Amino acid sequence: QVQLVESGGGSVQPGGSLKLSCVASGFTLEHYAVGWFRQGPENIRDAVSCISSSEGRTYYVGSVKGRFTISRDKAKNTVYLQMNSLKPEDTAVYYCAAVGKSLCEGPYDYWGQGTQVTVSS
């Protein structure tokens, strides 16, 4: 079976941190670019970050630059999203997705089920 599974979500106060994991099974992420997306109260799925498969270049939406870090562990077939200095507007369901290209380009081939992140006081 081909599958992506996210984990690491939860509830945290503003200024707190969470680390999300995206684990692939049934295929290897070595030749896939992997992106993180989020779907908030407006029910719109927006891109947050992406890491390429070739040179490992990283990309971030402006609202998370300096706060979020995406990384890859090839041995564990896993991509992470470290989230620091969290804000209430970061509250959303976070999804990871993989595309069989070296660059962060769609359409994405595989999607995870999502993990909830809630930031509130």
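Residues numbered from 1 in each chain as written. Predicted model: local features only at pLDDT ≥ 70, side-chain atom pairs only at ≥ 80, totals over all residues. Heavy atoms only, no water.

(A) Fine view of the state of the cysteines. Enumeration over the complete set of coordinates arrives at two disulfides. A sulfur-sulfur distance of 2.1 Å marks the disulfide that ties C22 to C96. Here the disulfide of C22 and C96 is right-handed, its torsion about the S-S bond being about 70°. Of this pair, C22 sits in strand β3 (residues 18-25) while C96 sits in strand β9 (residues 92-99); the two residues are 74 residues apart in sequence, bridging distant segments of the chain. (Disulfide = S-S within 2.5 Å. Helix = DSSP H or I, 4+ residues; strand = E, 2+ residues; numbered from the N terminus.)

(B) Focus on the packing of aromatic side chains. Under the criterion given, the structure shown has six aromatic pairs. For the ring pair F37 and Y108, a centre distance of 5.2 Å and an interplane angle of 85° mean the geometry is edge-to-face. Taken as a pair, F37 in strand β4 (residues 33-39) and Y108 in the loop between β9 and β10 (110-111) lie far apart in primary sequence, 71 residues in all. For the pair F37 and Y108, a shared accessibility class is recorded, and that class is buried. Ring centres of F37 and W111 lie 4.8 Å apart, and the angle between their planes is 45°; on these two criteria the pair is classed as tilted. With a gap of 74 residues between them, F37 in strand β4 and W111 in strand β10 connect regions that are remote in the sequence. F37 gets classed as buried once you look at its relative accessible area, which sits at 11%. Feature note: the residues F27, Y32 and Y110 constitute an aromatic cluster, connected by ring pairs. A cation over an aromatic ring shows up here: K19 above the ring of Y80, its NZ or CZ 4.6 Å from the ring centre. The ring of W111 has R45 sitting right over it, with the charged end atom 5.1 Å from the ring centre. (Phe/Tyr/Trp six-rings, centres within 6.5 Å; stacked < 30°, edge-to-face > 60°. Buried < 20%, exposed > 50% of the residue type's maximum accessible area, 1.4 Å probe, protein only. Lys NZ or Arg CZ within 6 Å of the ring centre and 35° of its normal.)

(C) Molecular detail of the nonpolar core. Ranked by internal contacts, the top residues of the largest apolar core, which has 26 residues, are L4, L29, W36, F68, L81, M83 and Y94. The set of elements that each furnish at least two residues to this core consists of β3, β4, β5 (45-51), β7 (68-73), β8 (78-83), β9 and β11 (115-119). For F68, the contacting residues outside a window of four places in its chain are R38, V48, Y60, L81, Q82, M83, N84, L86, D90 and Y94. Listed in part, the six residues of the second largest apolar core include F37, C50, A97 and V99. (Core = buried A, V, L, I, M, F, W, Y, C linked by side-chain atoms within 4.5 Å. Contact = heavy atoms within 4.5 Å.)

(D) Examining the environment of R67 more closely. Here R67 shows up in the loop between β6 (58-60) and β7. For R67, a relative accessible area of 10% translates into the label buried. Each C-alpha atom of the pair R67 and S11 lies 17 Å from the other, and the pair is 56 residues apart in sequence. The contact partners of R67, leaving out residues within four places of it in the chain, are Q82, M83, N84, S85, L86, K87 and D90.

(E) Here's a closer look at the sheet that holds strand β1 (residues 3-7). One open sheet holds the four strands; their spatial order is β1-β3-β8-β7, and the pairing between them is antiparallel. The open sheet terminates on both sides in strands that have one partner only, identified here as β1 and β7. The mean angle between the axes of side-by-side strands here comes to 15°, regardless of whether they run parallel or antiparallel. Across six bridges, the pairing between β7 and β8 is antiparallel. Residue pairing across strands places F68 opposite M83, the latter belonging to β8. (Pairing = 2+ DSSP bridges. Axes fitted to C-alpha atoms, helices over the stretch in contact; angles between N-to-C directions.)

By themselves, these figures tell us nothing about what the structure is for.
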